[in-house]
Amino acid sequence: MHPIIFFSKMDFSQSNLFGYIEDLQELTIIERPVRRSLKTPEEIERLTVDEELSDIERAVYLLSSGQDIQGTSVVANLPVLMRQNPAETLRRVLPKIREVLHVAGVEMQLTAAVSFLTVLQEESVSIHTYSHSFLHIILQNLEHRDAGVSNAWLETLLAVIEALPKETIRHEILNPLVSKAQLSQTLQSRLVSCKIMGKLANKFEAHIIKREILPLVKSLCQDVEYEVRTCMCRQLEHIAQGIGTELTKTVVLPELVELARDEGSSVRLAAFETLVNLLDMFDADDRSQTVLPLVKSFCEKSFKADESILVSLSFHLGKLCNGLYGIFTPEQHLRFLEFYKKLSTLGLQQENGHNDNQLELQTLEQEKKYISVRKNCAYNFPAMIVFVDPKNFHLELYSIFFCLCHDPEVPVRYTMAISFYEVAKLLNSGVYTIHKELVTLLQDESLEVLDALVGHLPEILELMTNGGENSGSESKLLSIPDLIPALTTAEQRAATSLKWRTHEKLLQKYACLPHIISSDQIYYRFLHRMLTIILTNNVLPVQKAAARTLCVYLRYNRKQEQRHEVIQKLIEQLGQGKSYWNRLRFLDTCEFIMELFSKSFFCKYFFLPVLELTHDPVANVRMKLCYLLPKVKSTLKIPTDKHLLQQLELCIRKLLCQEKDKDVLTIVKRTVLELDRMEISVDVEQLEKEKQQNEGRSTNVNDKMFEKKRRDSKTSSVLTKSITLSVPGSSSGTSAGKEDKKSKLVRSQSFSTQALHPKYSNIDKCPNKSSATGYTSSVSGVGKSCMLSFSDDSFRTHSTGNSGNAAFLSSSSSRNLFNSADQKNNGNKESQSRKMSMPPGKSPPTLSATLTLNTCKGKIQHGLAEYTAPSAGQRMERIPSENTPWLITAGLQCHCAFDTNGLR
């Protein structure tokens, strides 16, 4: 042995460094130049084709003098040429392809088979033309020396046979088939003949098959090669369907019995599978006297001398047991059941599915075979429940069910998970007995098993909690505590794995839980978990699935406190979250809410938070919001949600005016057009209520106005009488008239003071104000107070005149006041009714007047209670809101000088 030398430190001296550099230089010399082009100039020149050639000419040129890869390209492009120019393709290109295929390689042969089949499927030419031009080429290449090429052409021929007429099949295929099936032909030719005869059995009548095809079938069943016998045996099923029950019993069944005893294992296997598939065509006598003895011999030999049939026997055992159920004796019934139990634990120690003792070492092939057998037993388990009767499940099959669900191999447990729903349906009232196995499969270490079980999880859970008439409430209550931890564990395992599709599928299926468990259990165990997934998971489909399931949970939660808490978290953590990704998920959640909840619920809790995202700093959020706006608008109802509609229109205006992103602005414009075409739903009941309320309010106002008119007219008549009595009197009468004049003046002033609200007692100062803050009451109230004040001012201005004129002026002013007020109230009532019927596309009325604002002010200051504007009906500029009280004060809204746009 050489001593091992350890260096204490590496030598980085200058000489050593130069030595390393020299070594690197030597390595660079060793490198060979890399070929930078795949083709040489000569090869490129040979591959170059004149660009002026047409497609047909180019195809002919490449097939004649091109390379193999170019010819293969032409053959692959044959369906395109047939679509473009079928006549020239058939005349010039197809003959060249026939010539090339004689010496073509495997790749071109396979490509030609596919292209010929594509031409047939696309129906580029008639079936007569196809059979005349393409069928001969297909038949010529059927016996290619390469098995893959021969099978490809055979598949094309079998597809062509389906479309060909009977006469063509008889002359072009059936007649040559007689010679091709002879023993003197090659093995490949006889194999092809077997498959063709199976296809032809469905194309002709029974008597033609009996006369021309059945003799060939018997000959091929007795062929010296086991491959031919096996192939012909598998075609007997198709031939039996073509000839009917009687001929099957007399011709096919004896051949099957003989092939079942064949020396070749593959022949026996093919005979057994064909026998099982034809079981429905045999009567009770054939089943009991012929089929059952054969099946029993297969079962006996499968463990001893013929293990090759074991996998196929386990796969078809369920069909066999149910097909022969009527002829079984109790002993035979028990024997087949025990045989199934033995197959279910094959390769395992048959005690609770565990290996207690060391078994003999088995080869890898045997282990794979045993796994396949147990997998087939899991596949047939529902059929075996029918075989033993669901009532006897717990006694006869539960132990096998337990072993298969706890099998150490994933394929076996996967198959049990797939068939679990079928088992639960069959058990019905006894479904509670397999609850533990459901929990076991939910907690399985393999996600493939979980994915298989999740497919029918809602139906399984519903059967578990509600299934069966005899399953009492105690069993349901006992099942839930074990079920909920299993469901949460399954979700957590799926979340930590990389198989996000399984996680998404699981979350979608968890939406069924409100029908299974209580809302409190969902709230504390699942709902907050869904919110966490939305906030933390990085896979978009998983987040959307969690959002929709969360909305379903919220939909079925009846506790207002829990509902409000979840809604608040959605708005704060998603809608107002710091991450734009969370805000996008908020919009997805709102879309699910609009799908699952009522329109009023969305408008109440989520309408305004959604509109707030119009100010979002991220363009993607605003863009997604624009796509969602039509759905948002569809949730509104008029007149209930009139204020929300105004908010929506305001947000759209802001987007149109302030949006700077080009993509978002394009979508906004498109969305505006879509919103404009939408019709808003109308709440008819609410409209009727508002109409009745408005009518009742206007009736009360009219009654009050009528009562005031009556009292004022009574007062004015008394004043008039007193004036007429005091005129012809003496000096004492004159002094009395002066006193009466003073009293009337005081009474008039007190009347005006009582009618005027203290808030408007200084109305003569209003013209000097820039804003009308004092006029916040209703229009009718303001009009009455102001006009009474102006009447009183007018009376004080002309108080130097005689008392009769003063009294008359006061009386006429009162009448004009109430007339104008009555007209104004009627006008308001009419305008309200028109607003109620305003169509959705019309804009609200705009207030404008033909007279200038200064003229209005001047007229009002001079005490004119009524004024008719000249050139009425013409529109002018919109009057500012701070100046509209002057128009209301003067009562100008009663005249046609105001444009009611949209109401006429």
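All figures in this text were calculated on a predicted structure; none of them were measured in a lab.

Student: Help me understand the overall build of the chain, please; the structure alone is not making it clear to me.
Tutor: Within the chain, the regular secondary structure consists of 44 helices and 2 strands. For the chain, with 904 residues in total, the buried portion stands at 42%. Long-range pairs, those at least 24 residues apart, make up 71% of the contacts in the chain with a sequence separation of at least 6. For the chain, the accessible surface area stands at approximately 50100 Å², while carbon and sulfur atoms represent 52% of it.

Student: Hey, could you run me through the pattern of salt bridges in this one?
Tutor: Opposite charge on two side chains allows them to pair when their charged atoms are near. Applying the stated criterion to the full structure yields 28 salt bridges. Of the charged contacts, one joins Glu 88 and Arg 91 as a salt bridge, the two residues approaching to 2.8 Å between their closest N and O atoms. In this pair, Glu 88 and Arg 91 are both assigned in helix H6 (residues 86-101), 3 residues apart and thus about one turn of the helix distant. Residues Asp 588 and Arg 585 are paired through a salt bridge, measuring 2.8 Å at the closest nitrogen-oxygen approach. Linking Asp 588 with Arg 585, this pair stays in helix H33 (residues 580-596), spanning 3 residues, or about one helical turn. Arg 585 carries the same exposure label as Asp 588, and that label is buried. Through salt bridges with shared partners, a single ionic network connects Arg 170, Arg 211 and Glu 212.

Student: Just to check I follow, could you spell out unusual backbone geometry for this structure?
Tutor: Trans is the prevailing form of peptide bonds, just as negative phi is the prevailing case for residues other than glycine. Of the consecutive residues Ile 638 and Pro 639, the connecting peptide bond is found in the cis state with omega at 5°. Following the sequence through the fold, Pro 639 ends up in the loop between strand E1 (637-638) and helix H37 (642-658). For Glu 123, which is not glycine, the phi torsion reads 55° and is therefore positive. Structurally, the position occupied by Glu 123 is in the loop between helix H7 (106-122) and helix H8 (127-133). Phi is positive for Asp 389, which is not a glycine, with a value near 80°. Along the chain, Asp 389 turns up in the loop between helix H21 (381-388) and helix H22 (393-396).

Student: How should I be thinking about the side chain of Glu 504 in this particular structure?
Tutor: Inspection of the secondary structure puts Glu 504 in helix H29 (residues 500-509). At 6.2 Å, Arg 501 is the nearest oppositely charged side chain to Glu 504, a buried residue that forms no salt bridge. Residues within four places of Glu 504 in sequence aside, it is in contact with Pro 541, Val 542 and Ala 545.

Student: Explain the packing of aromatic side chains here, please?
Tutor: The way to describe two aromatic rings as a pair is by their centre distance and the angle between their planes. Tallying each qualifying case throughout the model produces 22 aromatic pairs. Between the aromatic rings of Phe 393 and Phe 401, the centroid separation amounts to 5.9 Å while the plane-to-plane angle is 70°, which identifies the pairing as edge-to-face. You can call Phe 393 buried: its relative accessible area is 2%. Centre to centre, the rings of Phe 586 and Phe 606 are 6.3 Å apart; their planes meet at 40°, and the pair counts as tilted. On the criterion of sequence distance, the pair formed by Phe 586 in helix H33 and Phe 606 in the loop between helix H34 (599-605) and helix H35 (607-611) is long-range, its members being 20 residues apart. Taken as a pair, Phe 586 and Phe 606 share a single burial class, namely buried. Among the aromatic side chains, those forming a connected cluster through ring pairs are Phe 586, Phe 597, Phe 601, Phe 602, Tyr 605, Phe 606 and Phe 607. The ring of Tyr 556 has Arg 555 lying over it, and the distance from NZ or CZ to the ring centre is 6.0 Å. Taking the ring centre of Trp 581 as reference, the NZ or CZ of Arg 585 above it sits at 4.6 Å.

Student: How should I be thinking about the confidence of the model for the chain in this particular structure?
Tutor: Regions with low pLDDT should not have their predicted coordinates read in detail. Per-residue pLDDT for the chain averages 77, and the proportion of residues at 70 or more is 69%. In this model residues 350-360 is a low-confidence stretch, pLDDT under 50, and it forms 13 contacts with partners more than four residues away in sequence or in other chains. Note that residues 718-904 has pLDDT below 50 and, in this model, 179 contacts with residues that lie over four places away or in other chains.

Student: I would appreciate a short explanation of the environment of Leu 154 in the present structure.
Tutor: Turning to its location among the elements, Leu 154 is positioned in helix H10 (residues 147-163). Taking the relative accessible area as the measure of exposure, Leu 154 reaches 2% and is therefore buried. In the structure, Leu 154 is positioned 41 residues away from Lys 195 in sequence and 8.5 Å away in space, judged by C-alpha atoms. Each residue touching Leu 154, except ones within four places of it in the same chain, is listed here: Leu 142, Val 192, Lys 195 and Ile 196.

Student: In this structure, what is going on with the nonpolar core? I would like to understand it.
Tutor: A general tendency of soluble globular proteins is for nonpolar side chains to be buried together. Core analysis: the largest hydrophobic core is formed by 208 residues, its most contacted members being Ile 196, Leu 200, Phe 381, Ile 434, Tyr 510 and Phe 606. Ignoring any residue separated from it by four or fewer positions in sequence, one finds Phe 606 in contact with Ile 567, Leu 570, Ile 571, Phe 586, Cys 590, Ile 593 and Phe 601.

Student: Even after reading the chapter, I still don't get the packing of helix H36 (residues 619-633) against helix H38 (residues 662-677), so can you show me in this structure?
Tutor: How two helices pack is summed up by the angle between their axes together with the distance between the axes. Contact pair H36 / H38: the axes reach a minimum separation of 9 Å and the direction vectors enclose 5°. Between H36 and H38, the angle is such that the two are roughly parallel. In this structure, H36 contributes Ala 619, Arg 622, Met 623, Cys 626, Tyr 627, Leu 629, Pro 630 and Lys 633 to the contact, and H38 contributes Asp 663, Val 664, Ile 667, Val 668, Arg 670, Thr 671, Glu 674 and Leu 675. In terms of residue class, the contact of H36 with H38 is made up of 10 nonpolar, 1 polar and 5 charged.

Student: Looking at this structure, how should I read the environment of Ala 424?
Tutor: Considering the arrangement of structural elements, one finds Ala 424 in helix H24 (residues 410-427). Distance in space between the C-alpha atoms of Ala 424 and Ile 460 is 6.8 Å, their sequence separation being 36 residues. In this structure Ala 424 touches Val 431, Ile 434 and Leu 463, once residues within four positions along its chain are discounted.

Student: I would appreciate a short explanation of H7 in the present structure.
Tutor: Residues lying three or four places apart along an α-helix face the same way, a consequence of the helix completing one turn every 3.6 residues. With 17 residues, H7 should reach 24 Å at 1.5 Å per residue; the first-to-last C-alpha distance of 25 Å fits that figure. Residues of H7 that are buried: Met 108, Gln 109, Thr 111, Ala 112, Ala 113, Ser 115, Phe 116, Val 119 and Leu 120. In this structure, the buried side of H7 is in contact with helix H4 (68-76), helix H5 (78-84), H6, H8, helix H9 (135-140) and H10.

Student: Help me understand helix H30 (residues 519-536) in this model?
Tutor: Its 18 residues give H30 an end-to-end C-alpha distance of 24 Å, which sits within 8% of 26 Å, the value for a rise of 1.5 Å per residue. Within the span of H30, buried status applies to Ile 522, Tyr 523, Phe 526, Leu 527, Met 530, Leu 531, Ile 533 and Ile 534.

Student: Before we go on, may I ask you to explain the environment of Ile 534 in this structure?
Tutor: For Ile 534, the location among the structural elements is in helix H30. With relative accessibility at 0%, the residue Ile 534 sits in the buried group. Taking the C-alpha atoms as reference points, Ile 534 and Ala 545, 11 residues apart in sequence, are found 8.9 Å from one another. With residues near it in sequence (within four places) discarded, Ile 534 still touches Gln 543, Ala 546, Ala 547, Leu 550, Leu 574, Asn 582 and Arg 585.

Student: Just checking my understanding: could you explain the packing of H33 against H36 for this structure?
Tutor: Orientation of H33 relative to H36, taken along the N-to-C sense of each, is 10°, at an axis distance of 10 Å. In terms of axis orientation, H33 runs roughly parallel to H36. The segment H33 lies against H36, with Tyr 580, Arg 583, Leu 584, Arg 585, Leu 587, Asp 588, Glu 591 and Met 594 engaging Asn 620, Val 621, Lys 624, Leu 625, Leu 628, Lys 631 and Val 632. Classifying every residue of the contact of H33 with H36 by side-chain character gives 8 nonpolar, 1 polar and 6 charged.

Reading the values: rules and limits
- Residues numbered from 1 in each chain as written.
- Predicted model: local features only at pLDDT ≥ 70, side-chain atom pairs only at ≥ 80, totals over all residues.
- Heavy atoms only, no water.
- Helix = DSSP H or I, 4+ residues; strand = E, 2+ residues; numbered from the N terminus.
- Buried < 20%, exposed > 50% of the residue type's maximum accessible area, 1.4 Å probe, protein only.
- Contact = heavy atoms within 4.5 Å.
- Areas by Shrake-Rupley, 256 points an atom, 1.4 Å probe, with all protein chains shown as cover.
- Salt bridge = Lys/Arg side-chain N within 4 Å of Asp/Glu carboxyl O.
- Lys, Arg positive; Asp, Glu negative; His and termini not counted.
- Phe/Tyr/Trp six-rings, centres within 6.5 Å; stacked < 30°, edge-to-face > 60°.
- Lys NZ or Arg CZ within 6 Å of the ring centre and 35° of its normal.
- pLDDT = per-residue confidence, 0-100.
- Core = buried A, V, L, I, M, F, W, Y, C linked by side-chain atoms within 4.5 Å.
- Axes fitted to C-alpha atoms, helices over the stretch in contact; angles between N-to-C directions.
- Parallel < 35°, antiparallel > 145°, perpendicular 65-115°, else oblique.
- Nonpolar A, V, L, I, M, F, W, Y, C, P; charged D, E, K, R; others polar.
- Expected span 1.5 Å × (residues − 1).

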